[in-house]
Amino acid sequence: MKALRLPFYLLLVLLSLSLCACHDDNNDDDDNKGNEKEEKPEVIITRPQDKPNEIFGACGLYLKANTEFSRKDLDFAMSQYVWKRKTSILYDNSHISDTLKEEDVSIFNYILPNSQVSYNKQYNRVIDISGKRFEVFRSIYNSTSYDEIYWIVALDLKREPKRMVVDSRTSYRGDIPDSLDRMNTCIRTFWEPEQ
């Protein structure tokens, strides 16, 4: 019986040592993962950036705009107006494009007061407004469509021209100028109430 105890104890000691060794290896991996997270490069933005009540437009020119609007203002704007897309620009972390040609922009043309967006006021997609953003839900008619998120950057209702400025990362699928990085390109669209 004593002869069986010694191998059993040796086996327990070896098993304990191997578990400790594995545990130390995992800690080293966690430390390396932590270091990898710290070593990610910081995103540097060299293009003009929005300021309180001032946003960038085509070619980086600043425009006066109401960036401090309330949710009540947004709800009113989305329920009382048909918004028609007027112009669009592209931007990344370092460049801002000139105004895009209308035929190069493939996003919807209208934001309707019934919580829908449309290309031609006949084929509509439902939106959901949350905070200062809205989401366009996947079309049930088109299996290749996908949900898209838009951020409302500015809303001018009390001065002329009335306008809404909206940013999105997912909406532009056309040709992108060589100066812009496709992986970091966003589209900014300017909307006005339809007359």
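The coordinates are above.
Sequence order as written defines residue numbering, which begins from 1 separately in each chain. Under the rules for a predicted model, residues below a pLDDT of 70 receive no local features and side-chain atom pairs below 80 are neither given nor counted, while totals for whole chains, interfaces and linings still include all residues. Hydrogens and water are ignored here; the side-chain numbers use all heavy atoms of the structure.

A. Focus on the packing of aromatic side chains. Note on ring pairs: Phe, Tyr and Trp rings are taken, using the six-membered ring of Trp, and paired if centres are within 6.5 Å. Classes follow the plane angle, with under 30 degrees stacked, over 60 edge-to-face and the rest tilted. Across all of its chains, the model carries six aromatic pairs by this definition. On the basis of an interplanar angle of 80° and a centroid distance of 5.0 Å, the ring pair of F56 and Y91 is categorised as edge-to-face. Within this pair, whereas F56 is found in strand β1 (residues 54–56), its partner Y91 is found in strand β3 (residues 83–91), the two being separated by 35 residues in sequence. Classification of Y91 as buried rests on a relative accessible area of 8%. Aromatic side chains F108 and Y150 sit 5.3 Å apart centroid to centroid with 70° between the ring planes, which places their arrangement in the edge-to-face category. You can see F108 sitting in the loop between β3 and β4 (110–112) and its partner Y150 sitting in strand β8 (residues 148–156), a full 42 residues away along the chain. Burial classes follow relative accessibility: with a 1.4 Å probe on protein chains only, a residue under 20% of its type's maximum area counts as buried, one over 50% as exposed, and anything between as partly exposed. Classification of F108 by relative accessible area gives buried; the value is 3%. Each helix corresponds to a stretch of at least 4 residues labelled H or I by DSSP, and each strand to a stretch of at least 2 residues labelled E; elements are numbered beginning at the N terminus.

B. Examining the pairing of strand β9 (residues 163–168) more closely. Counted residue by residue, β9 has six buried out of six residues, so it is predominantly covered. Should DSSP find at least two bridges between two strands, the strands are regarded as paired. As paired elements, β8 and β9 share six bridges and run antiparallel to each other. Its bridge partner lying in β9, I152 is registered against V166. Connecting β8 to the antiparallel partner β9 that follows it, the hairpin turn spans six residues.

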